[in-house]
Amino acid sequence: ENRQDTLNNYGPFLVVIFIVYFTLLSWMAWRKKRMAEWEVSRNSLNNSTVPEEEMSLPAIIMHMKQGMINGGIITASLLNLVRKGFVKQESDQTFKVVDRNVDHKHERFLLEWLFDKIGSKGTFSISDLKAYMTKKVNQKYYHSDYQEFQQALREEIKQHDLFENKTNLRILIGLSSLVPFGLVIVFAVHELFLWMFLLILCWIAILVFAIAYRPRTQKGLRIKQQWTQFKQNFTNVSEKEWGQWMNDEQMRATI
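Residues numbered from 1 in each chain as written. Predicted model: local features only at pLDDT ≥ 70, side-chain atom pairs only at ≥ 80, totals over all residues. Heavy atoms only, no water.

Undergrad: I'm lost on the sheet that holds strand 1 (residues 87–89) in this one. Help?
TA: Backbone-to-backbone hydrogen bonds pair the strands of a sheet. The strands run either parallel or antiparallel. Here we have three strands laid out as an open sheet, ordered 1-2-3, and antiparallel in their pairing. The sheet is open, and its two edges are formed by strand 1 and strand 3 (123–125), each paired on a single side. Across this sheet, the average inter-strand angle for adjacent strands is 25°, counted without regard to direction. Across three bridges, the pairing between strand 2 (residues 94–97) and strand 3 is antiparallel. Among the inter-strand pairings, Phe95 is bridged to a residue of strand 3, identified as Phe124. (Pairing = 2+ DSSP bridges. Helix = DSSP H or I, 4+ residues; strand = E, 2+ residues; numbered from the N terminus. Axes fitted to C-alpha atoms, helices over the stretch in contact; angles between N-to-C directions.)

Structure follows, in structure tokens:
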């Protein structure tokens, strides 16, 4: 009972300490991000044309969507191969490989997947895909190949160092979350459930921060800013301005 009274008196102070600690972590992360964004904006040209291709368009799409992509990435990747001259579009639904000396692992995998496994003799069409998917066993293979294709895209993104390596800091913050977790147990044993609940929230907040904290490098921020700005400006591009763009810019914009 004496310990319960003592802990009950200390409860508010402990909760405030951890709230302040989490607030400081969040503020420092936000301030660092804002300063980096300002530096990138200061050194970048502010225009509405299509940004430079610092990595492949499918990798840029995955990076912009933070890995949350859908089957549309395959269409974008196929059109990008057409744009780069590795694939020829023979009709609205038929494509043919003309050069297999591609630049990236995921491009090479896509050619083998679509034109050899699903299609045949270096030719792929929508009807090939429909016929392939009618067999139930192929649906499992399709899902597996799709996962492998995504992994190849992630490998390219990783090569560009778009996120800072903050492993040690994240581990340190994660270890610090053990303090409120231990106090949760202590307060639970002494049936101080209000402080226990508030400390659980503090523990979860600090732990989530440790897991999710992945600040972008200047290159990562630049790519994100330029393509976000392009997306916002694209709806305002006039037909005359669109006609003045080079064919390659139009294709990159469409993709």
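Back to the write-up after that little detour.
Undergrad: Would you explain the nonpolar core in this entry?
TA: Considering soluble globular proteins, one finds that nonpolar side chains tend to be buried as a cluster. Counting 37 residues, the largest nonpolar core has Ile74, Val87, Trp113, Leu114, Phe115 and Phe149 as the members making the most contacts within it. Every element with two or more residues in this core is listed here: helix 2 (57–64), helix 3 (72–83), strand 2, helix 4 (105–118), helix 6 (136–159) and helix 10 (218–234). Considering each element in turn, this core owes the most residues, seven residues, to helix 4. The residues contacting Leu114, other than those within four sequence positions of it, are Ile74, Leu78, Gly119 and Phe124. In terms of nonpolar packing, the next biggest core, distinct from the first, is built from 18 residues, Phe18, Leu192, Leu199 and Phe209 among them. (Core = buried A, V, L, I, M, F, W, Y, C linked by side-chain atoms within 4.5 Å. Buried < 20%, exposed > 50% of the residue type's maximum accessible area, 1.4 Å probe, protein only. Contact = heavy atoms within 4.5 Å.)

Undergrad: Help me understand the layout of surface pockets, please; the structure alone is not making it clear to me.
TA: Unoccupied space between atoms shows up once a probe the size of one water molecule is rolled over them. If you add up the space inside the largest pocket, you get close to 880 Å³. In terms of lining residues, the largest pocket is bounded by 31 residues, among which Phe163, Ala212, Arg214, Pro215 and Arg216 are the most central. Broken down by secondary-structure element, the contributors of at least two residues to the lining of the largest pocket are helix 1 (2–43), helix 2, helix 6, helix 9 (193–212) and helix 10. No other element matches the six residues that helix 1 contributes to the lining of the largest pocket. Tallied by class, residues from the lining of the largest pocket come to 16 nonpolar, six polar and nine charged. Taken as a whole, the second largest pocket spans an internal volume of roughly 390 Å³. Surrounding the second largest pocket, 13 residues form its lining, Ile61, Met64, Trp227, Lys231 and Ile255 being those nearest its centre. Looking at the lining of the second largest pocket, the elements that each hand over two or more residues are helix 2, helix 10 and helix 12 (247–254). When grouped by side-chain class, the residues that make up the lining of the second largest pocket number eight nonpolar, two polar and three charged. (1 Å grid on protein atoms, 1.4 Å probe; cavity = no way out; pocket = protein on both sides within 12 Å on 5 of 7 lines; lining within 4 Å. Points joined across faces, edges and corners; volume = space filled by probe spheres on them. Nonpolar A, V, L, I, M, F, W, Y, C, P; charged D, E, K, R; others polar.)

Undergrad: Can you walk me through the packing of aromatic side chains in this structure?
TA: Any pair of aromatic rings gets described here by the distance separating the centres and the angle formed by the planes. One pass over the structure, following the stated rule, counts nine aromatic pairs. Ring geometry for Trp113 and Phe149: centres 6.3 Å apart, planes at 45°, overall tilted. Here the residue Trp113 occupies a position in helix 4, and Phe149 occupies one in helix 6, the gap between them amounting to 36 residues. Exposure class is identical for Trp113 and Phe149. Each is buried. Ring geometry for Phe181 and Trp203: centres 4.9 Å apart, planes at 40°, overall tilted. A residue pair is termed long-range when its members are at least 10 positions apart, and Phe181 in helix 8 (residues 178–189) and Trp203 in helix 9 qualify at 22 residues. Phe181 sits in the partly exposed class, given a relative accessible area of 35%. Within the aromatic cluster, the residues linked to one another by ring pairs are Phe109, Trp113, Tyr142 and Phe149. (Phe/Tyr/Trp six-rings, centres within 6.5 Å; stacked < 30°, edge-to-face > 60°.)

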